[in-house]
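# Report on the structure
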Amino acid sequence: MTERKPAMPAGKGVAVLAALVVVSDLLMFRQAFGINLALFAMAVSAGVLLAARRRPSLKRTALLIGLAAFATFPLVIGPSPTGTAVAIVALMFIALATSGLVPQRLARLPFVLCRFLAIVPLKLFEDARKHAAKRPADRSALPLGAGLRVWILPIGLAAVFLGLFAMANPVIDDMLRSIDPRALWRVLDLWRISFWALVAIGVWAMLRPRLLRLRLRAVVAKPEVLVSENVLLSHGSMLRSLFVFNAMFAVQTLLDLVYLWGGADLPDGMTQAQYAHRGAYPLMATALLAGAFVLVAMRRGGPGEDSVAIRTLVHAWIAQNMLLCVSAILRLDLYVEVYSLTELRVAAGIWMGLVAIGLALILLRILLRRSNEWLVAMNLASLMAVLYVTALIDIPAAIARFNVEHSVEVANKGVPLDLGYLRSLGPSAIPALDVYIDAVQSDDDTKRRKAQAYRMVLASEFRRSNLDWRSWSLRSASLADYLSASFAIGENSGINSFGDIRHQLQ
């Protein structure tokens, strides 16, 4: 019987891994993020296809490369956490597709992705351990030791010959003396080695994907026992709960219709902003809790599956929760009008929209009688779509533009512009700062000069961080063109040095 070869040969997979680690070092180590992220993602995609045990067909390869290009396109526009997340999920899908691990029912894909993600940190170490354990045990020395011993003679004699050549040739002697042993240590520092290790762990999991094994307990036949119905989850309990919940939500919805939508006068001492701010986030928690309760009430074999009354109340409650999400979004909008926009508030608005989509999908699941796997898969699809769209948008630039256009200095209403927060948004805020500088009245010279100082600092930071081609992106190229076309830093601003900037910012 022929002995089975190890599952992890020290061949094509290891060679591709080593090549990708080198590529990652050249593209990303101690470099600002830009086009290098997209290039590395495409390199990993190509490596996965090249290292596949079974070479996919030409059509399948083209489809997977097209998927990788589509997923990495947001990283070409500009690096972002959302774009990186989309690219990673696409790489995971490509790795599963080349290994035949994509489930036939796409509704199970989120579960498979979670099983794949759980094994990623340990995959390289586990395969290395298995490979070492499968080496023949009857050999007197380890292959690594034997491989090193065969190099002792050539390396030793080569060193002797090199020493003799250095004595005979002053050019070679000067070259050897110019070698700095500390340079090798500077290249192989702890941070670089750690970077290589992290890249190797993630890339190897893509090259040799495997799913976390689930241990299923054997089902032992037991004598049938009459089990009493759970009182908390019984038909009567669910019916009464839904009736009470619908009544409570109706009161909240009515108050929102009167005060939030209708604009009625609030109690003394309370402003619209206070009313909006206090309700936005708790209402989201309420909607999430309501969604979980609906899934319990409408579970397979549950009391709501065949009860017309429970199904009707569930439909009404989901509709009220969706209206609650819309009210929460309106509350956030009213609060932003008074206190300006921030990245956290943008994230909150996106989260509220996702919760509303999730509630609509719960309603569809009930109406179409789909499984919870279908519900999870649809929610994952909606999440990925939202992440992809947000990765295409320069959110810091949009926030800066909104805050400038709605500031009291520009719109003559709202709140004064927070220049410090605008500065924290990074170079993307420069075009909005230029609008602010042009709009500020000449009699308010302090704000104008402070904005000009921030603009100079941001432009200088941007130019320093974009000196290397690896940090290039469509967004950075557009900003570079804008800076080249706009007025020079310090021109007509009275700011000619960083000493002037420190004076303005004090």
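### So, the pattern of salt bridges
Inspection of every chain in the model, using the stated rule, returns 11 salt bridges. Here Lys-123 makes a salt bridge to Asp-127, at a shortest N to O gap of 2.3 Å. Of this pair, Lys-123 and Asp-127 are both found in helix α5 (residues 109-133), four residues apart, which corresponds to roughly one turn of the helix. The burial state of Lys-123 is the same as that of Asp-127; both residues are buried. As a salt-bridge pair, Asp-468 and Arg-470 come within 2.7 Å of each other at their nearest N and O atoms. The exposure class assigned to Asp-468 is partly exposed, which follows from its relative accessible area of 23%. Classification of Arg-470 by relative accessible area gives buried; the value is 16%.

### Re the packing of helix α16 (residues 395-405) against helix α19 (residues 430-439)
Running from N to C, α16 and α19 cross one another at 15 degrees; their axes reach a closest spacing of 8 Å. Overall, the two elements α16 and α19 adopt an arrangement that is roughly parallel. For the pair α16 and α19, the crossing hand works out as right-handed. In contact with Ala-400, Arg-401 and Val-404 of α16, α19 contributes Ala-432, Val-435 and Tyr-436. Residue classes in the contact of α16 with α19 are distributed as five nonpolar, no polar and one charged.

### Considering the nonpolar core
Ranked by size, the top nonpolar core spans 43 residues in total, and within it Phe-116, Val-203 and Leu-207 carry the most contacts. In this structure, Leu-207 is in contact with Gly-13, Val-16, Leu-17, Leu-20, Gly-47, Val-48 and Ala-51, ignoring residues within four places of it in sequence.

### Regarding the confidence of the model for the chain
Confidence in the prediction of the chain, expressed as mean pLDDT, is 80, and 77% of residues score 70 or more. In the predicted structure, residues 1-10 sits below a pLDDT of 50 and forms 10 contacts with residues beyond four places in sequence or in another chain.

### Considering helix α3 (residues 58-77)
Taking 1.5 Å as the rise per residue, α3 with 20 residues should run 28 Å; its terminal C-alpha atoms sit 29 Å apart, in good agreement. At Ala-71, α3 shows its strongest bend, of approximately 35 degrees, with the proline Pro-74 following within four residues. Of the positions making up α3, those classed as buried are Leu-64, Ala-68, Ala-71, Thr-72, Pro-74, Leu-75 and Ile-77.

### Points about a nonpolar patch on the surface
On the surface, Phe-73, Val-389, Leu-392, Ile-393, Trp-472 and Leu-474 cluster together into a nonpolar patch covering about 510 Å² of accessible area. As for its placement among the helices and strands, Leu-474 is situated in helix α21 (residues 474-485). Leu-474 gets classed as partly exposed once you look at its relative accessible area, which sits at 39%.

### A look at the packing of aromatic side chains
In this description, a pair of aromatic rings is defined by centroid distance and the angle of the planes. In the structure shown here, the tally under the stated rule is three aromatic pairs. Ring centres of Phe-70 and Tyr-388 lie 4.6 Å apart, and the angle between their planes is 10 degrees; on these two criteria the pair is classed as stacked. Of the two residues, Phe-70 sits in helix α3 while Tyr-388 sits in helix α15 (residues 372-392), which places them 318 residues apart along the sequence.

Criteria and thresholds
Residues numbered from 1 in each chain as written. Predicted model: local features only at pLDDT ≥ 70, side-chain atom pairs only at ≥ 80, totals over all residues. Heavy atoms only, no water. Salt bridge = Lys/Arg side-chain N within 4 Å of Asp/Glu carboxyl O. Helix = DSSP H or I, 4+ residues; strand = E, 2+ residues; numbered from the N terminus. Buried < 20%, exposed > 50% of the residue type's maximum accessible area, 1.4 Å probe, protein only. Axes fitted to C-alpha atoms, helices over the stretch in contact; angles between N-to-C directions. Parallel < 35°, antiparallel > 145°, perpendicular 65-115°, else oblique. Left-handed = near helix turned anticlockwise from the far one by under 90°. Contact = heavy atoms within 4.5 Å. Nonpolar A, V, L, I, M, F, W, Y, C, P; charged D, E, K, R; others polar. Core = buried A, V, L, I, M, F, W, Y, C linked by side-chain atoms within 4.5 Å. pLDDT = per-residue confidence, 0-100. Expected span 1.5 Å × (residues − 1). Bend = angle between axes of the 7 residues up to and from the residue. Patch = residues over 30% accessible without salt bridge, like charges linked within 9 Å, V, L, I, M, F, W, Y side chains within 5 Å. Areas by Shrake-Rupley, 256 points an atom, 1.4 Å probe, with all protein chains shown as cover. Phe/Tyr/Trp six-rings, centres within 6.5 Å; stacked < 30°, edge-to-face > 60°.

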